[in-house]
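Commentary on secondary and tertiary structure
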Amino acid sequence: MSIRPWRDIARRQSRQIMVGDVPVGGDAPVTVQTMTNTPTPDVKATVDQIRRCEEAGVDIIRVSCPDEESTAAFKQITRAAKVPVVADIHFHYKRALEAADGGAACLRINPGNIGSEDRVKEVIAAAKANGCAIRIGVNAGSLEKDLLEKYGEPCPEALVESALDHIKILQDHDFHEFKVAVKASDVFLAVSAYMQLAEAVDCPLHLGITEAGGLIGGTVKSAIGIGNLLWAGIGDTIRVSLSAEPEEEVRVGYEILKSLGIRTRGVRVVSCPSCARQGFDVIRTVQTLEERLQHIHTPLSLSVLGCVVNGPGEARETDIGITGGGAGKHMVYLSGVTDHHVQDADMIEHIVALVEAKAAEIEAAEGAHVEAAE
C-alpha cells in the first residue's frame, strides 16, 4: 500500500513497441504527441513548428502526407526533427510506402479509408522493411460502410470491431509493432470504445478525443475523456486535438498528465481564483508567470495565493510560494517555510529568479546522483 492510496493508478499492462527511439507501452512513460498544421511541402515552416513543439516537450510528432509533394518533403523533415515523426496517411496507400522510405518512425493509417486488404499488406511490408511502427487509427467519422450498416451508427462495438479486424490483418502478416486508437468526438463514445478495446487486446493504446474543439472547449473535453481513461490505467500515448496551435496541444497534454501525477514537466502552478481579499492581482500575476516560466523543464511546484486564508497551507506543499499581504508587501515561502518578504513591484522578477535557481539546484542534485551511481 502506498502512503496515499487514493492517488494510486493501476496501469493496464500492454506490450511495448518502439516509435523511433521512443518506447510506447509497457512500463514506459505515457508519451505526448501532437500534429503539425503547416503545409508539409513547406519544409522550413514545418520544421520551425516542430521546433516549437519540441521546446514545449513533445515526445512524438505527426505530419500529414496527402500527396507526393508532401512525402518528398517528409524525408527532409524527418532528418531535421529531434523527435520521432509519424506519417499521417489517408486514402492513398502509396503515400505510406513513400513515407516509410522517407524515414517515418510510424505510419498512421485509417483502415476505413486506406483501401483494400492488399493495399494494407503493402503498407505492412514497407513498415517491416523500414523498421517503422504502425498506428491503426479507427475514427467514428470514417468507419467502414459494412460496420455502419451492421450497427446503424457509430457505437463502441463498431469502433472496437473495426480495430480488431485490422489488428488481425497485421498479426496475420506477423507484424506486431502497432498501437491502436479508437477516437470519436463524442466523449462517451470514445471512452466506452477504449475501455472495451483495453479488455480485448494487449497492444499499446493511443488516446484522443478527436475534433474536440477550440482551446477552452477542446481542453475540457479532452481532459474529461483522456483523463478518465488514464485514471482507469488505460493509455500509453496521448494526443489532445485542439483547434489551436500544436504547441498548445502539447502543453494541455502535459497538464492532463501532471494533474494525475503520471508525468511531471516544468512548473506546476497552484493558484487561487482570487477575490476581494487578494493582496495583488492574482490572475494577471499567474498569466505572466506561466509565460515567463515556459522555459523551465525541471519539475517543481509554485503556489500563488492572494491572501493568508489558504496561502500558508498551500505554500507548505510547494517548492516556492507567495502569499499576498497588505500594503504591497507579500510573504515568500521556500520549501514550505516562511522565508522573506517581497514588494509588489519586484514580485514577478523575484519569483522568476527563485524558480530558475531552484530548477538549477534540482538539476545539479540529479546530476550528482547520476555520477555517484555510475
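Presented here is a report on the structure given in the accompanying data block. (Residues numbered from 1 in each chain as written. Predicted model: local features only at pLDDT ≥ 70, side-chain atom pairs only at ≥ 80, totals over all residues. Heavy atoms only, no water.)

Let us look at the overall build of the protein. For the protein, the count of helices and strands is 13 helices and 15 strands. By the compact-globule yardstick of 21 Å for 374 residues, the protein fits well, its C-alpha radius of gyration being 23 Å. With respect to the principal axes defined by its C-alpha atoms, the protein has extents near 75 × 45 × 40 Å. Here the protein holds 374 residues, and the buried ones make up 51% of them. (Helix = DSSP H or I, 4+ residues; strand = E, 2+ residues; numbered from the N terminus. Rg over C-alpha atoms; globule rule 2.2 N^0.38 Å. Buried < 20%, exposed > 50% of the residue type's maximum accessible area, 1.4 Å probe, protein only.)

A separate point is helix H13 (residues 347-373). For H13, which comprises 27 residues, the first-to-last C-alpha distance of 39 Å matches the rise-based estimate of 39 Å (1.5 Å per residue) to within 8%. Check the buried side of H13 and you find it contacts strand E11 (267-271), helix H11 (282-292), strand E12 (300-305), strand E13 (320-323), strand E14 (329-334) and strand E15 (337-343). (Expected span 1.5 Å × (residues − 1). Contact = heavy atoms within 4.5 Å.)

A few words now on the side chain of Thr34. Mapped onto the elements of the fold, Thr34 is located in strand E3 (residues 31-35). Taking relative accessible area as the criterion, Thr34 reaches 0% and is therefore assigned buried. For Thr34, the contacting residues outside a window of four places in its chain are Cys53, Val58, Ile60, Ile61, Arg62, Arg239, Pro246, Glu249 and Val250.

What follows concerns the packing of aromatic side chains. Any two aromatic rings considered together are summarised by their centre-to-centre distance and by the angle between their planes. Tallied over the entire structure, the rule returns 0 aromatic pairs. For Arg15, the ring lying beneath its charged end belongs to Phe178, and the centroid distance is 5.1 Å. Positioned above the aromatic ring of Tyr254 is the side chain of Arg265, whose terminal nitrogen or guanidinium carbon lies 5.8 Å from the ring centre. (Phe/Tyr/Trp six-rings, centres within 6.5 Å; stacked < 30°, edge-to-face > 60°. Lys NZ or Arg CZ within 6 Å of the ring centre and 35° of its normal.)

With their axes 8 Å apart at the nearest point, helix H1 (residues 43-56) and helix H10 (residues 246-259) run at an angle of 15° to one another. With respect to each other, H1 and H10 are oriented roughly parallel. The interaxial crossing formed by H1 with H10 has right-handed handedness. Only Pro246, Glu247, Val250, Arg251 and Tyr254 of H10 make contact with H1, whose side of the interface consists of Gln49, Arg52, Cys53 and Ala56. (Axes fitted to C-alpha atoms, helices over the stretch in contact; angles between N-to-C directions. Parallel < 35°, antiparallel > 145°, perpendicular 65-115°, else oblique. Left-handed = near helix turned anticlockwise from the far one by under 90°.)

Time to look at the sheet that holds strand E7 (residues 133-139). Across the sheet, 8 strands lie side by side as E8-E7-E6-E5-E4-E3-E10-E9; this open sheet has parallel pairing. Because the sheet does not close on itself, it has two edges, and the strands there are strand E8 (178-183) and strand E9 (206-207). Two elements, strand E4 (residues 60-64) and strand E5 (residues 85-89), share 4 bridges in a ladder whose sense is parallel. In the sheet register, Ile61 faces E5, and the bridge partner there is Val85. Packed on one face of the sheet, helix H8 (residues 187-200) meets E8 and E9 and runs near 145° to E8. (Pairing = 2+ DSSP bridges.)

In total, this model carries 0 disulfides according to the counting rule given. No disulfide involves Cys106; its sulfur sits 7.2 Å from the nearest other cysteine sulfur, which is in Cys132. Owing to a relative accessible area of 0%, Cys106 belongs among the buried residues under this scheme. Cysteine Cys155 shares no disulfide, and the gap to the nearest cysteine sulfur, in Cys203, comes to 19 Å. Its relative accessible area of 12% is what places Cys155 among the buried residues. (Disulfide = S-S within 2.5 Å.)

Let us look at a nonpolar patch on the surface. Taken together, the side chains of Leu215, Ile216, Val220 and Ile224 make up a nonpolar region of the molecular surface, amounting to roughly 380 Å² of accessible area. For Ile224, the position within the fold is in helix H9 (residues 215-231). (Patch = residues over 30% accessible without salt bridge, like charges linked within 9 Å, V, L, I, M, F, W, Y side chains within 5 Å. Areas by Shrake-Rupley, 256 points an atom, 1.4 Å probe, with all protein chains shown as cover. Salt bridge = Lys/Arg side-chain N within 4 Å of Asp/Glu carboxyl O.)

This part takes up the environment of Pro39. Here Pro39 shows up in the loop between E3 and H1. By relative accessible area, Pro39 is classed as exposed at 55%. Between the C-alpha atom of Pro39 and that of Ser70, which follows or precedes it by 31 residues, the distance is 8.1 Å.

Bringing the nonpolar core into the picture now. With 82 residues, the main nonpolar core has Leu107, Ile134, Val180, Leu205, Leu207 and Leu230 as its most contacted residues. The element that contributes the greatest number of residues to this core is H8, accounting for 8 residues. If we skip the residues at most four places from it in the chain, Leu207 touches Lys183, Tyr194, Ile226, Leu229, Leu230, Ile234, Gly235, Thr237, Ile238 and Arg239. With 21 residues, the next largest nonpolar core counts Leu293, Ile322, Val352 and Val355 among its residues. (Core = buried A, V, L, I, M, F, W, Y, C linked by side-chain atoms within 4.5 Å.)

Below, the discussion takes up the environment of Pro23. Here Pro23 shows up in strand E2 (residues 22-24). Exposure remark for Pro23: the relative accessible area of 27% places this residue in the partly exposed category. In the structure, Pro23 is positioned 348 residues away from Glu371 in sequence and 25 Å away in space, judged by C-alpha atoms. Look past the residues within four positions of Pro23 in its chain and what remains in contact with it is Gln16, Ile17, Met18, Ala28 and Thr31.

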